[in-house]
Amino acid sequence: MVGGAALLGAALTFGAARALTDAQAARGALAYAQSCASCHGPRGDDGFAPALVGADSLRRFAGTRELYAYTRGTMPLAAPGSLSAQVYLDLTAWMLQQRGAAADGAELTAATLDATPLDPARASTPAAAEADGRRSLRVVRSSFSEPAPHLAHNLPDLRATIDGQTAACDFLAHYHATGGLRRWGFPTSEVLEERPNAFTQYYQRGVVDCHQRAGAWRMERRLAWDYLGGGVGGAPDLGVEPELLSGQPGERLGPWGHRVSNAAVDGTPIGFLDFFQALGGVASFGFPKTEARRDDDPRAVLGVPGASPGFIRQYFQSSVLEYHPGDPEPVKLRLLGDDLRNRLYPQQAYRAFASFGPARPLGAGAAYAPERVTVPSAA
Ligand code: HEC
């Protein structure tokens, strides 16, 4: 097996220094022989149980903390947790040493367990994962629209399989469940990848992510306002408006005591609550950070630089509602997706990426390769 030999060669060179000592690893080797070798084999890769040594072993563990926790919670198979915490640390040190980690002079302790990839050189980059089949994305179905030549984009439901876990990144279903065109406008990008294993689509009025958070895959609207005036990603934090509360009936939502109502602070009928509820509520807009009031109210603090004055506006974590009297559809949403894209990719830097340009229709069942883009403002 030529490939295997090459990988093993790599295994010996990628040994980043780790908190462990040779003496600790030697203690671990002894414990291994007593409690583990019967299943994992005398060498660690020659038993009936999965190999614990070698470049292809243990790659599903994000770091030493997870490896230690798994081993202590599950092994030895017949008596999980039956060894002392110190012995589990020693065993972990031995496994690390077996994969080429260099001793850095201090023992591995509960405090030095971490989430650094076990093999930095082979860290599970999306490209490496795709190359060896640990990651794949597939189109379940897709809706293609081309309202203007430069807005030719797909809205897909994707199935992602990453290291044995399957995620439903259903952008199309999410779009329709949270207000569709009225809420989001048209897509302005394909589904792309700004961070490893997080998938994102830009729309005119917002941004949606399919990502892993708190241990589960979720479809979530980006808190787009917070990137402009809520202190996220270097934006100024314009806060909320505790002095400006409305006496109008409505729904008080979220931590700031603000209310979503069909009437503005000054009593103008605006229909914001009906609009909010019809288009997905908090899941779609986030919590209100102001009441519905004019930006030129002396007590108002939040505002989009350059926005035309005089409109009744209400600011939510991921959207801004505007009231246009006399318009057949008087409630408008600011194009926060465009605002956010322009902020993250200044000077039209997004144009460097094919995903923001016109696309061709995707076929159901096809493999999907999201473009990996670099967010210039985060670089
Ligand atoms: C009775 C047999 C048996 C013994 C003894 C045993 N293991 Fe295991 N071990 C297994 C099996 C089977 C699996 C695979 C479990 C699975 O995939 O759910 C496993 C999985 C593992 C894994 C995860 C491997 C991977 O890549 O997923 C680690 C780490 C591990 N064992 C460490 C140990 C250590 C350390 C000891 C000694 C304290 C030990 N095991 C003792 C049978 C055993």
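Preceding this paragraph is the structure being described.
Here goes a summary of the coordinates provided. (Residues numbered from 1 in each chain as written. Predicted model: local features only at pLDDT ≥ 70, side-chain atom pairs only at ≥ 80, totals over all residues.)

What follows concerns the environment of Gln-201. Residue placement: Gln-201 occurs in strand E7 (residues 198–203). Along the sequence, Gln-201 and Leu-362 sit 161 residues apart, while their C-alpha atoms lie 15 Å from each other. Among all residues touching Gln-201, those that are not within four sequence positions of it are Phe-171, Pro-187, Ser-189, Val-191 and Val-208. (Helix = DSSP H or I, 4+ residues; strand = E, 2+ residues; numbered from the N terminus. Contact = placed C-beta atoms within 7 Å.)

The subject of this paragraph is the sheet that holds strand E9 (residues 216–221). An order of E9-E8-E7-E6-E16 is seen for the five strands of this open sheet, with the pairing classed as mixed. Of all the strands in the sheet, the pair left with one neighbour each is E9 and strand E16 (371–372). The pairing of E7 with strand E8 (residues 206–213) spans five bridges and is antiparallel. Opposite Tyr-202, over in E8, you have Val-207 as the bridge partner. Along the sheet, helix H12 (residues 336–344) makes contact with E7 and E8, crossing E8 at roughly 70°. (Pairing = 2+ DSSP bridges. Axes fitted to C-alpha atoms, helices over the stretch in contact; angles between N-to-C directions.)

Mapped onto the fold, Gly-231 is located in the loop between helix H9 (224–229) and strand E10 (251–252). Assessed through the 12 C-beta atoms surrounding it within 10 Å, Gly-231 is described here as exposed. In this structure the C-alpha to C-alpha distance between Gly-231 and Ser-246, which are 15 residues apart in sequence, comes to 25 Å. Setting aside chain neighbours within four positions, we find Gly-231 in contact with Asp-226, Pro-236 and Asp-237. (Buried ≥ 20, exposed ≤ 12 C-beta atoms within 10 Å, placed from the backbone.)

Attention now moves to the pairing of strand E5 (residues 165–170). The two faces of the sheet receive side chains in turn, since in a regular strand these alternate between them. The pairing of strand E4 (residues 153–162) with E5 spans six bridges and is classified as antiparallel. In the strand pairing of E5, Thr-161 is matched with Thr-166. Between E4 and E5, which pair antiparallel in sequence order, lie two residues; one of them, Asp-163, sits at a positive phi of approximately 45°.

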